Amino acid sequence: MAAAPDPAPEPRDPGARADPGARADPGARADPAGAPDARTDPAADADRDPGPGPTPLTVPSLSAGAGFVLRPWEMSDLPLVREASLDPYIPLITTVPATYSEAAAEAFVRRQWERAATGAGYPFAIVRSRDRRPVGAIGLWLRELPAGRASLGYWLVPSARGQGIASAALRTVTGWALHDLGIPRLQLCVEPWNTASARIAEKSGFRREGLLRGWQQVGDQRRDMVVYGLLNTDGPVDGRAATAN
């Protein structure tokens, strides 16, 4: 699995490649992790009452099966950012810096904190329990929550792929978002060639809904994305009823 584009917008890291479109995040990788999220905000209306400020979010720690935990990002996760920056695809669809430096990696981690602090979403590091080694990331992005939907994105570094880790992480966040948070709809986007990420989405209950032509900027090209959706009325997710009590 490479990644599902990450849909939540963040400032670019110094030296990073071009941001994959108005990162609706994703699908994130997602995510990718992606999902159809508008990347840019509407122009501000100078006469409009800005209303209350953003509501900070507390990123919880979630068990993703026996071997992995999802937790907030920490500054100790810089080695994960370094490994991800060496991957040919992750920096194209996320804002992981393509050219690693400690300053750029620290800025990336701080932006994950800022996402939660500003209510943009829940960024998680995926961490192996036995040695506490971070191996990837998954995010639940709330940009379109007022319309009753949220987006997901996820990615794993190459050394962690093919072990079912991304599937466990996606099922965990999906079940939590639908059951505990009561979000009506989740969505993510995957490039058509990325069959590994597509299988991960489908195993977690997501349904392929269509092709979005030229949906996202990836590197120097506009790329098609396949959109996957899951409703909290679609049935059980990870052994629990999808609809919140």
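Residues numbered from 1 in each chain as written. Predicted model: local features only at pLDDT ≥ 70, side-chain atom pairs only at ≥ 80, totals over all residues. Heavy atoms only, no water.

Asks: Before we go on, may I ask you to explain the overall build of the protein chain in this structure?
Replies: From N to C terminus, the protein chain includes five helices and nine strands. Across the 245 residues of the protein chain, 54% fall into the buried class. Total accessible area on the protein chain stands at roughly 10,700 Å², and carbon and sulfur atoms take up 53% of it. (Helix = DSSP H or I, 4+ residues; strand = E, 2+ residues; numbered from the N terminus. Buried < 20%, exposed > 50% of the residue type's maximum accessible area, 1.4 Å probe, protein only. Areas by Shrake-Rupley, 256 points an atom, 1.4 Å probe, with all protein chains shown as cover.)

Asks: Would you take a moment to explain the environment of Ala-116 for this structure?
Replies: With respect to the helices, strands and loops of the structure, Ala-116 is situated in helix α3 (residues 102-117). Sequence separation between Ala-116 and Pro-72 is 44 residues; the distance between their C-alpha atoms is 9.3 Å. With residues up to four places along the chain from it excluded, the contact list for Ala-116 reads Thr-55, Pro-56, Leu-57, Val-59, Gly-121 and Pro-123. (Contact = heavy atoms within 4.5 Å.)

Asks: How do you make sense of helix α1 (residues 78-85) when you look at a structure like this?
Replies: Among the residues of α1, those classed as buried are Leu-78, Leu-80, Val-81, Ala-84 and Ser-85. The buried residues of α1 occupy an angular sector of 155° when the element is viewed end-on, so they sit on one face. Looking at the buried positions of α1, the neighbouring elements they touch are α2 (90-93), α3, β5 (133-141) and β6 (149-156). (Arc of directions from axis to C-beta.)

Asks: I tried to follow the packing of aromatic side chains on my own but got confused; where do I start?
Replies: Here the distance between the centres and the angle between the planes together describe a pair of aromatic rings. With the rule as written, the count across this model stands at five aromatic pairs. With centroids separated by 5.4 Å and ring planes inclined at 80°, the aromatic side chains of Trp-73 and Phe-108 adopt a geometry described as edge-to-face. Of this pair, Trp-73 sits in the loop between β3 (68-71) and α1 while Phe-108 sits in helix α3, placing them 35 residues apart in sequence. Take Trp-73: its relative accessible area is 5%, and that puts it in the buried class. Judged by relative accessible area, which is 4%, Phe-108 ranks as buried. (Phe/Tyr/Trp six-rings, centres within 6.5 Å; stacked < 30°, edge-to-face > 60°.)

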